[in-house]
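# Architecture at a glance
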Amino acid sequence: MCPYGHLLFTIALAQSGTVRTRTRVRVTIINNKILAGLINMASCKKKDAAAKKDGARDKVVLAYSGGLDTSVAIHWLQEKYNVNVIAIAINVGQNPSKDDIVARAIRNGAIKSDFIDATDEFVEDYVWPSLKANALYQNVYPLSTSIARPLIAKKLVEVAKAEGAKYIAHGCTAKGNDQVRFDVGIVSQDPSLQIIAPMREWVTTREEEIEYAREHGIEIIVKKESPYSRDENLWGASCECGILEDPWEEPPADVWELTKDPSEAPDDPTYVEIKFEKGIPVALDGKKMDGVKLIEKLDKIAGENGVGRIDHVEDRLVGIKSRETYECPAAVTLIKAHQALEAMTLSRDVIEFKRTIEQKYTQMVYDGLWFSGIREPLCAFIDSTQEYVTGTVRVKLFKGNATVVGRKSPYSLYDTGLSTYAEGDVFDHNSATGFIYVWGLPGRTAAKAHAVKKK
């Protein structure tokens with residue numbers, strides 16, 4: 001606090017070399033001590049302003065990738081909102097940057113930066129629950145981007161609380177789903193946090209961002225210009241924009257980065273065996289491994305065989321239809337294998353009811369409602385169905401297709417004695433007539449009643 005703060009009122013009323021006090025007594029400014037006090041007070045104001053600029057400014061936690069948008073956002077947030085920026089990068093299995101993005105964030109003006117490795121948590125708490133739900137948005141998309149957003153939102157809120165930040169900022173645009181997932185996810189955890197979305201406020205082009213960076217000395221790594229917008233994590237990659245905005249045009253070769261063109265895939269199929277315990281993959285080809293390694297290995301094997309390519313026109317939450325391509329080699333393979341094992345170990349009624357719950361779960365994730373309160377009861381039901389989803393599934397990977405060709409389980413409901421038409425058949429054939437009569441009785445009864453009415 002400036003020791004001369006009590007003079008501010010007096011200065012504000014200065015008139016022609018004199019000041020008027022509250023008691024209307026005129027005082028001529030000729031006293032050196034008063035002059036010195038005024039000078040010191042002015043110096044104090046500058047120091048207070050400097051302190052406000054450095055340490056006393058509000059803090060914002062920025063979801064930071066090291067890309068063009070979030071690199072220029074560091075300076076933009078400081079300039080527009082007069083805040084101290086804490087840049088947080090969260091690893092959910094995306095390709096690593098070519099440089100130290102944390103150090104670069106500091107050089108670009110962030111007061112603090114960190115790189116949080118959340119891959120294990122991503123798999124255990126987000127990917128595996130999604131797999132147990134066979135989550136496919138509109139029966140096509142394995143939620144590769146969507147399922148990572150609640151984890152990122154969770155980490156941002158944790159950092160904001162630890163740092164005493166008032167704001168959280170992200171680089172999402174006004175047309176996408178991710179802005180909803182972040183905004184709703186953040187305020188559902190802490191309603192006191194305020195959201196800043198630079199790309200919603202500052203609608204700009206890539207060229208304008210590069211020029212802004214040049215003008216303000218912002219260090220960026222400008223990659224080869226691409227018309228596409230990509231997002232990647234361990235569960236898959238998404239791609240949009242460019243020629244993909246014409247849904248009639250076939251996706252060009254440069255859209256695909258994780259999968260081989262099926263026509264160029266090996267001429268001999270590759271077989272993989274995936275072992276599940278209670279719905280969770282625990283081993284690949286007889287070798288036990290943790291979730292991250294299993295997905296990484298299967299991604300490579302399936303991708304080499306052209307598996308996991310998806311071309312989809314989907315309904316965004318904001319009301320726009322969008323053409324997207326996805327590459328999810330491991331996700332596609334694992335979901336097919338998991339569904340096949342469920343078909344062997346769950347009863348028909350459970351499978352049919354679970355499909356309804358699966359769709360509700362998928363919609364919940366896609367719509368950004370992870371923290372809304374509905375996830376826990378949905379997951380409780382899904383988890384209860386996985387008690388006996390244990391066994392091994394063999395999948396044939398061949399020129400873009402993942403085909404289940406074998407499955408076995410100690411809890412299999414498949415009984416050869418009941419299903420066979422060969423020797424060893426134990427099914428009571430005589431029971432069929434009585435069963436059919438009872439099963440068809442409602443229809444028989446209705447037909448009789450309607451026949452009478454027609455007469």
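Cut-offs applied
- Residues numbered from 1 in each chain as written.
- Predicted model: local features only at pLDDT ≥ 70, side-chain atom pairs only at ≥ 80, totals over all residues.
- Heavy atoms only, no water.
- Helix = DSSP H or I, 4+ residues; strand = E, 2+ residues; numbered from the N terminus.
- Buried < 20%, exposed > 50% of the residue type's maximum accessible area, 1.4 Å probe, protein only.
- Contact = heavy atoms within 4.5 Å.
- Pairing = 2+ DSSP bridges.
- Polar contact = N/O pair within 3.5 Å; in protein donor to acceptor, adjacent residues only side chain to side chain.
- 1 Å grid on protein atoms, 1.4 Å probe; cavity = no way out; pocket = protein on both sides within 12 Å on 5 of 7 lines; lining within 4 Å.
- Points joined across faces, edges and corners; volume = space filled by probe spheres on them.
- Nonpolar A, V, L, I, M, F, W, Y, C, P; charged D, E, K, R; others polar.
- pLDDT = per-residue confidence, 0-100.
- Axes fitted to C-alpha atoms, helices over the stretch in contact; angles between N-to-C directions.
- Parallel < 35°, antiparallel > 145°, perpendicular 65-115°, else oblique.
- Left-handed = near helix turned anticlockwise from the far one by under 90°.
- Expected span 1.5 Å × (residues − 1).
- Bend = angle between axes of the 7 residues up to and from the residue.

## Here's the deal with the overall build of the protein
When helices and strands are counted, the protein shows 15 helices and 16 strands. Expressed as a percentage of its 455 residues, the buried residues of the protein come to 43%. For the protein, long-range pairs separated by at least 24 residues make up 71% of all intrachain contacts whose partners lie at least 6 apart in sequence.

## Examining the pairing of strand E16 (residues 401-408)
In the sheet, strand E15 (residues 391-398) pairs with E16 via 7 bridges, with the strands oriented antiparallel. Bridging across to E16, Val-393 finds its partner in Arg-407.

## Describing the environment of Thr-270
Among the structural elements, Thr-270 can be located in strand E10 (residues 270-277). By relative accessible area, Thr-270 is classed as partly exposed at 26%. Note: C-alpha distance between Thr-270 and Asn-305 (35 residues apart in sequence) is 7.6 Å. Setting aside residues no more than four positions away along its own chain, Thr-270 makes contact with Ile-301, Asn-305, Val-395, Lys-396 and Leu-397. A distance of 3.3 Å separates the side chain of Thr-270 from the side chain of Asn-305, its partner in a polar contact.

## Considerations on the layout of surface pockets
Roughly 290 Å³ of internal volume is contained in the second largest pocket. Lining the second largest pocket are 13 residues, with Gly-93, Asn-95, Asn-233, Leu-234 and Asp-299 sitting closest to its centre. For the lining of the second largest pocket, the secondary structure elements donating two or more residues are strand E8 (229-233) and helix H10 (291-304). In terms of residue class, the lining of the second largest pocket is made up of 4 nonpolar, 5 polar and 4 charged.

## Here we look at the confidence of the model for the protein
Residues shown with low pLDDT carry predicted positions that ought not to be read at fine detail. Summing up the model confidence of the protein, the mean pLDDT is 87 and the portion of residues at 70 or higher is 86%. Contacts of residues 1-52 to residues separated by more than four positions or lying in other chains number 35 contacts, the stretch itself having pLDDT below 50.

## Considering the sheet that holds strand E3 (residues 59-63)
Strand order in the open sheet formed by 5 strands is E5-E4-E3-E6-E7, with parallel pairing between adjacent strands. Looking at the sheet topology across the chains shown, the edges are occupied by strand E5 (112-117) and strand E7 (194-196). The sheet shows a mean angle of 25 degrees between the axes of neighbouring strands, direction not considered. One ladder, built from 3 bridges, connects E3 with strand E6 (residues 167-169); its direction is parallel. Looking at E6, one finds that Val-60 is bridged to Tyr-167.

## Quick notes on the sheet that holds strand E11 (residues 280-284)
Ordered in space as E12-E11-E10-E15-E16, the 5 strands form an open sheet in which the pairing is antiparallel. Whereas interior strands pair on both sides, the edge strands pair on one side only; in this sheet they are strand E12 (287-288) and E16.

## Details of the packing of helix H6 (residues 149-163) against helix H7 (residues 178-189)
Where H6 meets H7, the closest approach of the two axes is 9 Å, and the angle between their N-to-C directions is 45 degrees. Of the possible angle classes, the one that applies to H6 and H7 is oblique. The handedness of the crossing between H6 and H7 comes out as right-handed. Across the interface between the two elements, Arg-149, Ile-152, Ala-153, Lys-154, Val-157 and Lys-161 from H6 touch Asp-178, Arg-181, Phe-182, Gly-185, Ile-186 and Gln-189 from H7. Looking at the contact of H6 with H7 residue by residue, the classes come out as 5 nonpolar, 2 polar and 5 charged.

## Looking at the environment of Val-332
Relative to the assigned elements, Val-332 resides in helix H11 (residues 329-345). On a C-alpha basis, the gap between Val-332 and Trp-235 in space is 9.5 Å, while along the polypeptide they are 97 residues apart. Discounting chain neighbours no more than four positions away, the residues touching Val-332 are Pro-142, Val-307, Gly-308 and Ile-310.

## Examining helix H5 (residues 119-132)
Taking 1.5 Å per residue as the helical rise, H5 with its 14 residues ought to reach 20 Å, and the 18 Å between its terminal C-alpha atoms agrees with that figure. Approximately 30 degrees is the largest bend angle found in H5, and it occurs at Tyr-126, with the proline Pro-129 only one to four residues beyond. In terms of burial, H5 is a largely internal element, 10 of the 14 residues being buried. Those residues of H5 not exposed but buried are Thr-119, Phe-122, Val-123, Tyr-126, Val-127, Trp-128, Pro-129, Ser-130, Leu-131 and Lys-132. Following H5 by one or two positions, Asn-134 adopts a phi angle in the positive range, close to 50 degrees.

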